[in-house]
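The lines below spell out each chain.
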Amino acid sequence: MTRNSWILKQIYTDAKNNLGWLFKGILLAGGFIAGIKILMFFSVPKEIVFPVMWIAFILVMLYKWYSMKYDWKKQDQSYERASKKYQKALKGGR
């Protein structure tokens, strides 16, 4: 498997596993595009609108991604604690 095919496979797998987040990202992008159109309607210069809106979009998507990673990490920790308690109970300990 070549590097490119592996990367495409990983992108497909991640998109499939995180379809809800993908749709939220698409909706967020649509909201930013609508925001750009509204600001352009009120004659705000494009030189200001586009960079600011895309930087904001990137920052929001990064926040969402790492927020999701943080939640996964917390779930793993709680699973490990519950697993240790269960194993201890099976062995007859408190």
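These numbers come from a predicted model, not from an experiment.

Caption draft 1: Structural view of the overall build of the protein chain. Of the regular secondary structure elements, the protein chain holds three helices and zero strands. Sorting the 94 residues of the protein chain into buried and exposed places 11% on the buried side. Of the roughly 8,400 Å² of accessible surface on the protein chain, 66% is carried by carbon and sulfur atoms.

Caption draft 2: Local environment of the nonpolar core. Listed in full, the six residues of the largest apolar core are A29, F32, I36, V49, M53 and F57. Listed by contribution, the elements that provide at least two residues to this core are α2 (19-41) and α3 (46-90). Setting aside chain neighbours within four positions, we find F32 in contact with M53, A56 and F57.

Caption draft 3: Structural context of the packing of aromatic side chains. The full count for this structure, using the stated rule, is one aromatic pair. Where F41 meets F42, the ring centres are 5.2 Å apart and the plane angle is 80°; that geometry is what we call edge-to-face. Of the residues examined, F41 reaches a relative accessible area of 64% and is grouped as exposed.

Caption draft 4: Region of the structure containing the environment of G25. The topology assignment puts G25 in helix α2. Residues G25 and M61 lie 36 residues apart in sequence; the distance between their C-alpha atoms is 7.0 Å. Once residues lying within four places of it in the same chain are set aside, the contact partners of G25 are F57 and M61.

Reading the values: the criteria
- Residues numbered from 1 in each chain as written.
- Predicted model: local features only at pLDDT ≥ 70, side-chain atom pairs only at ≥ 80, totals over all residues.
- Heavy atoms only, no water.
- Helix = DSSP H or I, 4+ residues; strand = E, 2+ residues; numbered from the N terminus.
- Buried < 20%, exposed > 50% of the residue type's maximum accessible area, 1.4 Å probe, protein only.
- Areas by Shrake-Rupley, 256 points an atom, 1.4 Å probe, with all protein chains shown as cover.
- Core = buried A, V, L, I, M, F, W, Y, C linked by side-chain atoms within 4.5 Å.
- Contact = heavy atoms within 4.5 Å.
- Phe/Tyr/Trp six-rings, centres within 6.5 Å; stacked < 30°, edge-to-face > 60°.

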